[in-house]
Structures are given as structure tokens and as C-alpha cells.
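Residues per chain are reported as follows:
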Amino acid sequence: MSGPFISLVMRDLKLASRSGGSAALALAFFALVATLVPLGVGANLNLLARIAGGVLWVGAVLAALLSLDRLYQGDFDDGSLDLIALSPLSLEQVALAKLLAHWFSTGLPLTLLSPLLALLFGLPGPGTWALFVSLLIGTPAVSAVGAIGASLTLSLKRGGLILPLIILPLLAPAVIFGAGAVTAALDHLSNGALGLLSAFAAAAVLLSPFAAAACVRLNLAG
Amino acid sequence: MITSLIAQKLTCVRGERRIFADLDFRVSAGEALVVEGANGAGKTSLLRLIAGFLTPVSGSLVLDTDKGAIADGEERGRHIGWLGHHDAVKPQLDVGEQLEFFARLYGAGGDVKPVLERVGIARQRELPCRYLSAGQKKRLGLARLLMSGRGLWLLDEPFAALDTAGRALAADLMRTHCASGGMVIAATHDPLGLEARSLRLEAA
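Predicted, not measured: the structure shown is a model, and the values here were computed from it.

Visitor: Talk me through the overall build of chain A; I want residue IDs and the actual numbers.
Guide: In terms of helices and strands, chain A carries 10 helices and zero strands. When the elements of chain A are put in sequence order from the N terminus, they spell out α-α-α-α-α-α-α-α-α-α. Rg of the C-alpha trace for chain A: 18 Å, near the compact-globule value of 17 Å for 222 residues, within the 12% margin. Projecting the C-alpha coordinates of chain A onto the three principal axes gives extents of approximately 55 × 35 × 30 Å. The buried share of chain A, taken over its 222 residues, is 51%.

Spelled out as C-alpha cells, the structure:
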């Protein structure tokens, strides 16, 4: 079973990295948002360091959103999803493969880029470290929750517009705990935000393949 | 190996609309079945129902294999080779990559080169799929069928977009598949070019 599973992950990564793919787009969007905010707020380093966690977390979530609407829609529109559904993989495995591919092509690069962008906010070392760790833990949750929304809207022609309305409210806990961890690190406190974020991410990643598979089943029958 | 597909009193409803009702048919290994009917008579719905994407509101559909009978839709899907009316081709991938991905996804080993040669697109192996014509994409779909190693082929308009040689090729592939104990169910308006039973769907 591992052969088909890995082949699907690799194909999605290949598609994300080729022209018209979304990986580079999400990174560029993230970098631009993170550059514009300090320009708009002005050179108040204390203020910038304070808001860095929240701004970068929101920026990362929005950047990940950019590539989410095509997660299933591309395969649905051109008929690939029919062929994938008939493969030896269960739809739950397919959903997990797509979740992994989305994280590797979007969540992980965003996380790796975040320490560089934290410099623009004058975020001190412990804060940057907390940001990096919270994104590393939290971005899988973003991909997982996003995958549910993407599978729900895969047959809608303008699904990309309704997708944020569905998943952004569900991602509020990730943003709260993620940004909270950064703020706590600035104050040299420990508020357990990372623990709560881990719990949220674990639940999201575990449940997402089942929910997404159910949505795909519904849409294939539609 | 599959031995037969038996449908009894099959009824399909999509949305509020009844597509067909009380459909009976039987296909045995080595046979081809042509599904005929006017536009909107439910040919594609029947194929999607056999593939397990749709569930019938009533009636039964059983695929007999040498390992026992299969009534579950998703389990039945593991025996199905699918050629839909969408091309399922990614413009960013080249022809070879596309077919190699599919072979790995279906756990089918073997080299893709002879298959590409068989369907006449071996020279386009390195070509990104965005440059393929509609007919060449259809040939790639036929290559996928061959590669899948599945027993029951479900074909939706297999001849659409194909040139004369392509149609002869598609008919030949179906004939070979049936001769080796496979099953073909095709929805088409054109003559299949091989001996086949026909099932006519009347608009409900």
C-alpha cells in the first residue's frame, strides 16, 4: 500500500512545484504580507515585536489558504479524482496523502521562512524560536482543517471564495495558541499555548482524513 | 479474475430525478456490453453506478469473482478500469510521468514504454501533456486502461476525439481484453466494432 500512497504524495508535490503550482506563490504572498506590515506600522520595534506573532501567524494561514482551493478541485475538474478513487487506496488514505503533500509544499516552507521574516519585526531570539516551533506544530492543523473545507467545496466553480469563510473560523484556535506562544516567549513566561496547539493539531490531523473522505464520497456521487 | 456482473432491478435517482428504473442485465467474462440511449438517458450515471461512485436507490449489483461475490461499491471499484469523458491529464506533467504515476498508484509494475507504443504515443513520452491533442489524451487514457490490469473496463464515449486509426485501435484493445477474459461496458453512440450485446436505456 505504501507504493501507491507515496506516488500520490510525490505527484502532488511535483504539481505544486511546477509552473502554475502554488508552493512558490504561497511563500511570496507570506513574504509580501510580512514586509508590508512593518512598513505600515512604522519603526516602533517594541510594538512590532509585540504584534509579530499574531501578524505572521495570520499571514501564514492566509498564505496556506491560497493553495488550498485547488487541493481537490483540480483533480475533480479533469476527472483524475475518479481514477484516484478507483485506485487500491481508500479515500481516507487519499485524503491523508493530499494533506501531507499540502503541508510539505506549503506549511513546511512557510515555517522555514518564518525566522527570516521575524527579523523584519525585530523579534528577539526566544520569540523567533517560539514562532518557528509553533508554526511547525500548527501548520499541519492548517492543512488538515483546510483539506476538509477543500473537499467540501471541490465541485463548486468559485469554491475558492467560500473556502475561507468555512475554515478561517475553525482555525481561530491555531492562531490564538500559536501567537500566544510567541507573546509568552517574549515575556519569558510559559502559558501552555504550545501544548494546547499540539493537542489541536493532533486532533485535526487525525480527524481530517475521515471528514475529507466523506466529503469526497458525497461529491463523487453528486 | 472476475466471472460476471449481474444487475437486478437497478434504479438510479440523482437529485430528485429518476434516471432509470428496474434495469436488469448480466455481463460475463469475455463479453462486451454497449450501453445505448439518447442524450440524458443515464448512460454515464449507469457507468458511475457500476464504478461505485453512485449508490442505487434500489436493486442489486453483484460482481462475481473467483474469490467470491462483491456487492460493495468501493470494493467493486478495485476491479475497474475507468475511461471517463474527462481526460484526467495534468498539463504540467509529461506523458511518461503521467503514465508512470498512474502505474504506481494502481500498484501495477512494468515498463510504460511498450504500452505507449501500443497506443501510438511513444514519441510524445517527453512531451508535457499541455501540448497533446484531444485524441492523443484519449490515447493516453487507453494506455492507462492497459496499464491498470483491471478486469472490468468502463468506457464513457471511448471513440470521442479519436481518428479512424485510433478508433480501430480502441476496438482492437477491447477485443483483446475480452478475448483474455476481461469485461467491457461501453457507453457510446458509435458502433463498437466488435461483437457486443446491447443495453438500451430509455429516458424515464
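Visitor: How would you explain the overall build of chain B if you had to name every residue and give the values?
Guide: The helix and strand tally for chain B stands at six helices and nine strands. In terms of overall dimensions, chain B is globule-like: its C-alpha atoms have a radius of gyration of 17 Å, near the 17 Å expected for 204 residues. The proportion of buried residues among the 204 residues of chain B is 53%. Nonlocal contacts in chain B, meaning residues at least 24 apart in sequence, comprise 71% of its contacts between residues at least 6 apart. Put simply, chain B has 26 plus and 24 minus side-chain charges, and the middle of one group is 3 Å from the middle of the other.

Visitor: Before we move on, could you go through the sheet that holds strand β2 (residues 17-28) of chain B and cite the residues and values that matter?
Guide: Two modes of strand pairing occur in sheets, parallel and antiparallel, and in both the strands are linked by backbone hydrogen bonds. All names here are of chain B. Within the open sheet, the four strands sit side by side as β2-β1-β4-β5. Their pairing is antiparallel. The open sheet has two free edges, formed respectively by β2 and β5 (68-70), since each of these has just one partner strand. This sheet shows a mean twist of 20° between the axes of neighbouring strands, independent of strand direction. Pairing analysis gives seven bridges linking strand β1 (residues 2-14) to strand β4 (residues 58-65), with the strands arranged antiparallel. In the sheet register, Ile6 faces β4, and the bridge partner there is Val62. Against the sheet, helix α1 (residues 43-51) contacts β1, β2 and β4, and its axis sits at roughly 60° relative to β2.

Visitor: Account for the interface of chain A and chain B, with residues named and values stated.
Guide: Quite often, the size of an interface is put as the accessible area lost when its parts meet. Listed by partner, the interface residues are 29 residues for chain A and 27 residues for chain B. Together, the buried faces of chain A and chain B total about 2,500 Å²; carbon and sulfur atoms form 55% of this surface. Among the residues chain A hides against chain B, the three largest losses belong to Asp78, Leu83 and Leu86 of chain A. Together they make up 28% of the total. Across the chain A-chain B interface, the total number found is six salt bridges. A salt bridge links Lys14 of chain A to Glu97 of chain B; the shortest N-O distance between them is 3.4 Å. At the junction of chain A and chain B, the tally comes to 15 residue pairs in polar contact (both at pLDDT 80 or more). Among the secondary structure elements, those contributing two or more residues to the side of chain A that touches chain B are α1 (2-17), α4 (70-77), α5 (80-85) and α10 (193-221) of chain A. Top contributing element to the side of chain A that touches chain B by residue count: α1 of chain A, with seven residues. Taken together, the residues of the side of chain A that touches chain B sort by class into 12 nonpolar, nine polar and eight charged.

Visitor: For the packing of helix α3 (residues 95-105) of chain B against helix α5 (residues 134-148) of chain B, give the residues involved together with the corresponding values.
Guide: Describing two packed helices takes the angle between their axes plus the distance from one axis to the other. Residues and elements named next belong to chain B. Running from N to C, α3 and α5 cross one another at 30°; their axes reach a closest spacing of 10 Å. Overall, the two elements α3 and α5 adopt an arrangement that is roughly parallel. Crossing handedness for the pair α3 and α5: right-handed. Side by side, α3 and α5 meet where Val95, Gln98, Leu99, Phe102 and Ala103 of the first sit next to Leu140, Ala143, Arg144, Met147 and Ser148 of the second. A class-by-class count of the residues in the contact of α3 with α5 yields seven nonpolar, two polar and one charged.

Visitor: An account of the side chain of Ser7 of chain A is needed here, citing residue identities and associated values.
Guide: Assignment of secondary structure puts Ser7 of chain A in helix α1. Of note is the side chain of Ser7 of chain A, whose polar atom sits 2.7 Å from the backbone oxygen of Pro4 of chain A. For Ser7 of chain A, the residues in contact, after removing those within four places along its chain, are Phe101, Arg104 and Leu105 of chain B.

Visitor: Give me the lowdown on the layout of surface pockets, citing residues and values where you can.
Guide: Roughly 520 Å³ of volume is contained in the largest pocket. Lining the largest pocket are 25 residues, with Leu15, Ser22, Arg70 and Gly74 of chain A together with Gln92 of chain B positioned closest to its centre. Residue assignment for the lining of the largest pocket shows that the elements contributing at least two residues are α1, α3 (45-68), α4 and α6 (91-120) of chain A. Per element, the largest residue contribution to the lining of the largest pocket is five residues, and it comes from α1 of chain A. A per-class count over the lining of the largest pocket returns nine nonpolar, eight polar and eight charged.

Visitor: Which residues make up the pattern of salt bridges, and what values go with them?
Guide: For the structure shown, the criterion picks out 22 salt bridges over all chains. Between Arg70 of chain A and Asp77 of chain A there is a salt bridge, and its shortest N-O distance comes to 4.0 Å. Arg70 of chain A sits in the partly exposed class, given a relative accessible area of 48%. Where Glu31 of chain B meets Arg197 of chain B, a salt bridge forms, and the shortest distance between an N and an O atom there is 3.3 Å. With Glu31 of chain B in the loop between β2 and β3 (32-36) and Arg197 of chain B in strand β9 (residues 197-200), the pair connects residues that are 166 residues apart, well separated along the chain. For Arg197 of chain B, a relative accessible area of 39% corresponds to the partly exposed category. Each of Arg11, Asp12, Asp75, Asp78 and Lys98 of chain A together with Lys90 of chain B takes part in one network of salt bridges that share partners.

The rules behind these values
Residues numbered from 1 in each chain as written. Chains lettered and ligands numbered in written order. Predicted model: local features only at pLDDT ≥ 70, side-chain atom pairs only at ≥ 80, totals over all residues. Heavy atoms only, no water. Helix = DSSP H or I, 4+ residues; strand = E, 2+ residues; numbered from the N terminus. Rg over C-alpha atoms; globule rule 2.2 N^0.38 Å. Buried < 20%, exposed > 50% of the residue type's maximum accessible area, 1.4 Å probe, protein only. Contact = heavy atoms within 4.5 Å. Lys, Arg positive; Asp, Glu negative; His and termini not counted. Charge placed at Lys NZ, Arg CZ, Asp CG, Glu CD. Pairing = 2+ DSSP bridges. Axes fitted to C-alpha atoms, helices over the stretch in contact; angles between N-to-C directions. Buried area = accessible area lost by both parts, 1.4 Å probe. Salt bridge = Lys/Arg side-chain N within 4 Å of Asp/Glu carboxyl O. Polar contact = N/O pair within 3.5 Å; in protein donor to acceptor, adjacent residues only side chain to side chain. Nonpolar A, V, L, I, M, F, W, Y, C, P; charged D, E, K, R; others polar. Parallel < 35°, antiparallel > 145°, perpendicular 65-115°, else oblique. Left-handed = near helix turned anticlockwise from the far one by under 90°. 1 Å grid on protein atoms, 1.4 Å probe; cavity = no way out; pocket = protein on both sides within 12 Å on 5 of 7 lines; lining within 4 Å. Points joined across faces, edges and corners; volume = space filled by probe spheres on them.

Read these as geometric descriptors, not functional statements.
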